[in-house]
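# Understanding the architecture of this molecule
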Amino acid sequence: MRTHLLLCVHGLGGSPQDFQCLSQSISNYFNSQSQSNNLASLGDEEPVDLNILSLESNKKKLTHCGLEIMGKKMAGEIEEWITEYVKENCTEKDYIFNKDKPPQLKHKIVLSVLSHSLGGLVARAGIKEMFFGEKREFFSRHTCLWIFHVNVHTSFGHATSGRRQTCQIDWKSPF
């Protein structure tokens, strides 16, 4: 079974409850479609386990601490979720073992990001941290990135230099 994790990233002063209604609607729709076998396999024969995570690490006043910090907290929260999920749901047969490398999942967890307003910038900073920062080895072994991300904000200024930065993302197919 393939695992798909939908990440909901709220905006300035927001909380996970900002996505509560939308998350429930997506979950209900996905479950109704999986019963009729339309969407459950996403065009593949293998069923998909949809999980929705509304991020809590940057809620309310914590949205004022800077994008780099919020991106690191986002990556940490996702890493925690994945570690717990793998511990509860994966066995040795779900891994590929190589002599010189740490084990990696056969079917990587697909990540999608849904965000609004400042959450779009937080998501970009988090993606940068996950796939290009200190945590890249963990995320490259366990996940692949499949993003549909629409946001009015396209970049953020660097705190010390004032230069605008834009995260470049290496797009990878989830399957």
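All of the points below concern the structure found in this document. (Residues numbered from 1 in each chain as written. Predicted model: local features only at pLDDT ≥ 70, side-chain atom pairs only at ≥ 80, totals over all residues. Heavy atoms only, no water.)

Looking now at the overall build of the protein chain. Counting its secondary structure elements, the protein chain contains four helices and eight strands. Within the protein chain, the proportion of its 175 residues that are buried is 43%. Put simply, 72% of the contacts in the protein chain that link residues at least 6 apart link residues at least 24 apart. For the protein chain, the exposed area adds up to about 10300 Å²; of that, 52% sits on carbon and sulfur atoms. (Helix = DSSP H or I, 4+ residues; strand = E, 2+ residues; numbered from the N terminus. Buried < 20%, exposed > 50% of the residue type's maximum accessible area, 1.4 Å probe, protein only. Contact = heavy atoms within 4.5 Å. Areas by Shrake-Rupley, 256 points an atom, 1.4 Å probe, with all protein chains shown as cover.)

This brings us to the nonpolar core. Residues Met74, Ile78 and Met130 are the most contacted members of the largest nonpolar core, which totals 29 residues. When contributions to this core are tallied by element, the ones reaching two or more residues are strand E1 (2–9), helix H2 (67–89), strand E5 (109–115), helix H3 (118–132) and helix H4 (136–142). Looking at this core, the element that brings in the most residues is H2, giving nine residues. When sequence neighbours within four positions are dropped, the list of residues in contact with Met130 reads Met74, Ala75, Ile78, Leu111, Lys135, Arg136 and Phe139. (Core = buried A, V, L, I, M, F, W, Y, C linked by side-chain atoms within 4.5 Å.)

Our next topic: the side chain of Ser54. For Ser54, the location among the structural elements is in strand E2 (residues 48–54). Among all residues touching Ser54, those that are not within four sequence positions of it are Cys8, Pro16, Phe19, Ser23 and Glu77.

Another aspect to go through is the packing of aromatic side chains. Taken as a whole and judged by the stated rule, the model has four aromatic pairs. Measuring from ring centre to ring centre gives 6.3 Å for Tyr95 and Phe97, while their planes differ by 40°; the resulting arrangement is tilted. The exposure class assigned to Tyr95 is buried, which follows from its relative accessible area of 16%. Three or more aromatic residues link up through ring pairs in this structure, and these residues are Phe131, Phe138 and Phe139. (Phe/Tyr/Trp six-rings, centres within 6.5 Å; stacked < 30°, edge-to-face > 60°.)

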